[in-house]
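One-letter residues, chain by chain:
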Amino acid sequence: RTHQRVPLRINKSMVSAMRRPHRQGLAGTVACVGASLVALVCVASISASRTPSTLLASAPATRAATSVRVPLSGSPHRGVLQKRPTLGRRWEVSASGGSVTAGSTAAAPPMPAEVPANDPADKDKSLLPQGVPFGEVTIREQFERVLMNAQDNICKALEELDGEGKFEQDRWVKTAGGGGRSRVMMEGKVFEKAGINLSVLKGALPYEFIAKRGECKGYEPGDRIPYIGMGLSSVIHPRNPFAPTMHFNYRLFQSECGVWWFGGGTDITPSYIDKDDMKHFHGTYKRVCDAHDPEFYPKFKKWADEYFVIKHRGETRGLGGIFSDDMNDRPAEELLKFYTDAVNSVVESYVPIVAKHKDDAFTPEQKEWQGTRRGRYVEFNLVYDRGTIFGLKQALNTERILMSLPLQARWEYDYQVQDGSPEADILDAFRNPREWV
């Protein structure tokens, strides 16, 4: 339906060769083959020029029957267009995402790995796969509810502070189990970009990956071990260069071999130092940590200072916070309480700082410095961040993985700060982590 009849001009000598190859020997045969190839190239070029760009963008490079998600016009939901399992065959899906039809009698392609699930009635529905025979079910059910509530509360607080920007939600489910709720605000009045993603994943990982974090019972090197994991991850980029960027991630992992852990934390990335802001932010998380274990804050603060390092720059991404990973040194119930308090302290630790600075006056040069620091943010996330690297290696949704990146960033060649300037002060703090509380 996307092609139209167009004239195809072939000269007389080509036609003659095609009709009478036997009369012209080898030369005639070569001319016949050449004419046929020219005709095929012409038809392919015409087809490509008249094929909608959305179809060309999803054209398969191989014959593998993998799936891609594309928007279907006139539909409130995203449809699924299956790549063609054989050349010359087009699969189509109705706008509702239902029955599949094709131009042949061959069997329909396999179900996609991921499908949209944006029915408002399912907004608060659990994403946990059912019937998973390993891990503490009560712990993961409780933590999923904690993360869902935290996502709702944080989005609400940011929308109220912004006054104009709204989070758009993309809810999705995995056909093999699991799913997520992705929420993004773009071009708000206060926030240039803010994303808060909840995901629940089910799959299998190499023995070598999991065995580093605990004893894998019943498995051997080379095996792949079933797991279930969940996490709430966010990066928030305000417009004003005096309002800091903030990141948090809280997660739970359970495997069939008995290895499990909690992890995550919250960290802050300002472009300029305000000591009162840093005392407030770090002080909030020190109180959270002290309520559970007095050793948590110094341990997790040091962990953050050492983890968020841009090694090729010799500086940290920001001014730290708390960070932890592979935590299973005490009962899961105790860690559940700590990480619940930590994620529920995001609003208290951060929103008052942005409210304080959202209307501060700034110069073009200060905005450029913010862009330079955001360039450093990009470098860390793409080169060193474990979550980003894991997502890309697992071939998860790229848009959600790269949600953390800012809309704008700068890479000015050999950028130097002026001695004694506010920029030099914070650059020193990036190179030599400080204690704030």
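Residues numbered from 1 in each chain as written. Predicted model: local features only at pLDDT ≥ 70, side-chain atom pairs only at ≥ 80, totals over all residues. Heavy atoms only, no water.

> Which residues make up the overall build of the chain, and what values go with them?
Scanning the chain from terminus to terminus reveals 13 helices and 14 strands. Within the chain, the proportion of its 437 residues that are buried is 43%. For the chain, contacts bridging at least 24 residues in sequence account for 66% of all contacts bridging at least 6. Accessible area of the chain: about 22600 Å², with a carbon and sulfur share of 53%. (Helix = DSSP H or I, 4+ residues; strand = E, 2+ residues; numbered from the N terminus. Buried < 20%, exposed > 50% of the residue type's maximum accessible area, 1.4 Å probe, protein only. Contact = heavy atoms within 4.5 Å. Areas by Shrake-Rupley, 256 points an atom, 1.4 Å probe, with all protein chains shown as cover.)

> I'd like to hear about the sheet that holds strand E5 (residues 114-116), residue by residue, with values.
Taken in spatial order, the 8 strands line up as E5-E6-E7-E8-E9-E10-E11-E14 in an open sheet, and their pairing is antiparallel. If you trace the sheet from one side to the other, it starts and ends with E5 and strand E14 (321-327), each paired once. Mean inter-strand twist for the sheet, computed between neighbouring axes without regard to direction, equals 15°. In this structure, strand E6 (residues 168-174) lies alongside strand E7 (residues 179-186), joined through 6 bridges in antiparallel fashion. Within E7, the residue paired with Asp170 across the bridge is Ser182. Relative to strand E10 (residues 245-255), helix H9 (residues 346-357) is tilted by about 165°, and along the sheet it contacts strand E8 (191-206), strand E9 (224-238), E10 and strand E11 (260-269). (Pairing = 2+ DSSP bridges. Axes fitted to C-alpha atoms, helices over the stretch in contact; angles between N-to-C directions.)

> I'd like a description of the packing of helix H6 (residues 275-290) against helix H8 (residues 332-343), backed by residues and values.
Packed helix pairs are specified by the crossing angle of their axes together with the interaxial distance, meaning the distance between the axes. One way to put it is that H6 packs onto H8 with a least axis distance of 10 Å and a crossing angle of 160°. In terms of axis orientation, H6 runs roughly antiparallel to H8. The two elements H6 and H8 meet at a crossing, and its hand is right-handed. Of the residues in H8, those touching H6 at Tyr285, Val288 and Cys289 are Phe338, Asp341 and Ala342. (Parallel < 35°, antiparallel > 145°, perpendicular 65-115°, else oblique. Left-handed = near helix turned anticlockwise from the far one by under 90°.)

> Please provide a residue-by-residue account of H8, values included.
The end-to-end C-alpha distance of H8 is 16 Å, a good match for the 16 Å that 12 residues give at a rise of 1.5 Å each. Regarding H8, the residues found buried are Ala332, Leu335, Leu336, Phe338, Tyr339, Thr340, Ala342 and Val343. (Expected span 1.5 Å × (residues − 1).)

> Now, about the packing of aromatic side chains: what can you tell me, with residues and values included?
This model, assessed by the stated rule, comprises 23 aromatic pairs. With a centroid separation of 4.1 Å and 10° between ring planes, the pair formed by Phe253 and Trp261 is classed as stacked. Note on Phe253: relative accessible area 8%, which makes it buried. Relative to Tyr339, the ring of Phe338 has its centre 4.9 Å away and its plane inclined at 75°; by these criteria the two rings are edge-to-face. Comparing Phe338 with Tyr339, the two get one shared label, buried. The aromatic ring of Phe209 is capped on one face by Arg213, whose charged end is 4.3 Å from the ring centroid. Seen from the ring of Tyr377, Arg317 lies directly overhead, with NZ or CZ sitting 4.2 Å from the centre. (Phe/Tyr/Trp six-rings, centres within 6.5 Å; stacked < 30°, edge-to-face > 60°. Lys NZ or Arg CZ within 6 Å of the ring centre and 35° of its normal.)

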